[in-house]
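What follows is each chain in one-letter form.
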Amino acid sequence: MLENKKAVIFDLDGTLADSMWVWPEVDLEFLGKRNLTVPEDLADAVEGMGYTEVAVYFKDRFNLEESVEEIKEIWTEMALDCYRRRVPLKPGVKEFLAWLKEREFQIGVASSNYIGLIEAVLESHQICSYFDVILTACDVKKGKPAPDVYLETARQLGVQPEECLVFEDICAGIRAGKAAGMDVCAVHDSFSVYQEKEKRSLADYYIHSYLEVISHQYEELR
C-alpha cells in the first residue's frame, strides 16, 4: 500500500475521528430552533462540501436571516465541546501515526471541516504534532469531490500527487483523492455503511482499523 509513497493524507471526520454522528445532531437542533425540519436528502446534498460551502447552501435553501459567517460561528459553538470531549479517534490512529513518523513519511490532513474543530479534536487526543500540513476545503476554490484540497495539501507537503496515499470514509472524498491522481484507502465508518458497495468500487484499499495497514492485513480492491 505504501510502496513508493512519500506522504499520507487523511480526511478528518469519519476517517481519523469518529465524529460523523455530531452533525445530524447539530442539524436537528439548528433547524429545529428555526422551526424547520431536516430534509431527508440533506446529508447527500452537502456531502464533501467545505464548511463555508455548506453554510452558503443552508442560507440559500432555508432562507436564513443569519450571514454565512454567523451560521458558521453558531455551528462551531454547537460542535466544539463534542470535538474536545466526546469524539474518539478511529481504531489504530495513534499507533499508525507514530509508525508513519518513524518511517519519515510526510503527513497531512485535508478536511471539509472548520479548522477550529479540526485542531480541537487533534489537540484533545495529543496528535496535532504528527501533522506537517492541515488544510480545509475553505483554503481552496472547491470542496470535495473536486481534487483541490488534496492537490494543495500535496503541494504544501512538497510531494507529487502520485506519491500520496489518501485515507477517506465517504464517496465524495474518495472521488476527490482519485481525481487528484492519488491512491485511496477507504475507511470503514458506521455513518457511511449505506455507501459500502460504492466505496469499495471507487477505492484501491479498504480497512476497518489502521492496525491493518501496519500488519499488512488490509483489503486490496484493485
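Each remark here, short or long, concerns the structure printed above.
Before going into details, it helps to say that this report is about the structure given with it. Each chain has its residues counted from 1, running along the sequence as written. Owing to the predicted nature of the model, reporting of local features is limited to residues with pLDDT of at least 70; listing and counting of side-chain atom pairs is limited to 80 or more, with chain, interface and lining totals taken over all residues. No hydrogens and no water enter the side-chain calculation; it runs on all heavy atoms of the structure.

Focus on the overall build of the chain
Counting its regular elements, the chain contains 10 helices and seven strands. A globule of 222 residues ought to have a C-alpha radius of gyration of about 17 Å, and the chain, at 17 Å, matches this closely. For the chain, the spread of C-alpha atoms along the principal axes amounts to about 50 × 35 × 30 Å. When a residue's accessible area, from a 1.4 Å probe over protein chains only, is under 20% of the maximum for its type it is buried; when over 50% it is exposed; and in between it is partly exposed. By residue count, 54% of the 222 residues in the chain fall in the buried class. In this description, contact between two residues means that some pair of their heavy atoms is separated by no more than 4.5 Å. Across the chain, contacts joining residues at least 24 apart in sequence account for 64% of those joining residues at least 6 apart. Once the 24 positive and 41 negative side-chain charges of the chain are each reduced to a mean point, those two points are 1 Å apart. Here a helix means four or more residues in a row that DSSP labels H or I, a strand means two or more in a row labelled E, and each is numbered from the N terminus. Our radius of gyration looks at C-alpha atoms and nothing else; its globule reference is 2.2 Å times the residue count to the power 0.38. Charged residues are defined here as Lys and Arg on the positive side and Asp and Glu on the negative side; His and the ends of the chain fall outside this count. The location of each charge is read from NZ of Lys, CZ of Arg, CG of Asp or CD of Glu.

Quick look at the environment of D189
Positionally, D189 belongs in the loop between β5 (183-187) and α9 (196-202). Under the relative-accessibility criterion, D189 is labelled buried at 2%. Between the alpha carbons of D189 and H208 there is a distance of 7.9 Å; along the sequence they are 19 residues apart.

What about the pairing of β5?
Burial of β5 is extensive: four of the five residues sit out of reach of the surface. A pair of strands is labelled paired if DSSP reports no fewer than 2 bridges between them. Alignment of strand β4 (residues 164-168) against β5, held across four bridges, turns out to be parallel. Within β5, the residue paired with F167 across the bridge is C185. Clockwise travel from the first strand over the helix to the second, with the strands pointing away from the viewer, marks a crossover as right-handed. Once you follow β4 into helix α8 (residues 171-179) and on to β5, the crossover reads as right-handed. Pairing analysis gives three bridges linking β5 to strand β6 (residues 205-207), with the strands arranged parallel. Pairing of C185 across the sheet is with Y205, part of β6. Chirality of the crossover, the property in question, places the unit of β5, α9 and β6 among those that are right-handed.

Here we look at the pattern of salt bridges
The salt bridge definition used is simple: a Lys or Arg side-chain nitrogen within 4 Å of an Asp or Glu carboxyl oxygen. Using the criterion set out here, one finds 17 salt bridges in the structure. Between K6 and E163 there is a salt bridge; the shortest N-O distance is 3.2 Å. On the criterion of sequence distance, the pair formed by K6 in the segment before β1 (7-10) and E163 in the loop between α7 (148-157) and β4 is long-range, its members being 157 residues apart. For K6, a relative accessible area of 48% puts it in the partly exposed group.

Quick word on the packing of helix α1 (residues 22-32) against helix α3 (residues 51-62)
Interaxial angles span 0 to 180 degrees and are taken between N-to-C directions of axes, which are lines fitted to C-alpha atoms, for helices over the stretch in contact. Viewed as axis vectors pointing N to C, α1 and α3 meet at an angle of 35°, and their least axial separation amounts to 14 Å. Classified by chirality, the crossing of α3 by α1 is right-handed. Of the residues in α3, those in contact with W23, D27, F30 and L31 of α1 are Y51, F58 and F62. Gly counts as polar in this scheme, as do all residues outside two lists: the nonpolar Ala, Val, Leu, Ile, Met, Phe, Trp, Tyr, Cys and Pro, and the charged Asp, Glu, Lys and Arg. Of the residues in the contact of α1 with α3, the class split is six nonpolar, no polar and one charged. Each crossing is labelled by how the near helix is turned from the far one, with a counterclockwise turn of less than a right angle marking it left-handed and a clockwise turn marking it right-handed.

Notes on unusual backbone geometry
Following K144, the chain continues into P145 via a peptide bond in cis, with omega recorded as 15°. Mapped onto the fold, P145 is located in the loop between β3 (133-136) and α7. Despite not being glycine, N35 has its phi angle at roughly 60°, a positive value. One can find N35 in the loop between α1 and α2 (42-46). Given a relative accessible area of 76%, N35 falls into the exposed group.

Overview of the side chain of E66
Here E66 is to be found in the loop between α3 and α4 (68-86). Whenever two N or O atoms come within 3.5 Å, that pair is a polar contact, provided that in protein one can donate a hydrogen and the other can accept it, and provided that, for residues adjacent in sequence, both atoms are side-chain atoms. Within the structure, the side chain of E66 is placed 2.9 Å from the side chain of R34, a separation counted as a polar contact. When near neighbours in sequence (up to four residues on either side) are disregarded, E66 contacts R34, K59, I71 and I74.

Quick word on α7
Within α7, burial applies to V149, Y150, E152, T153, A154 and L157. At its buried positions, α7 is contacted by β1, β2 (106-111), β3, β4 and α8. Just past α7, the residue G158 takes up positive phi, approximately 80°.

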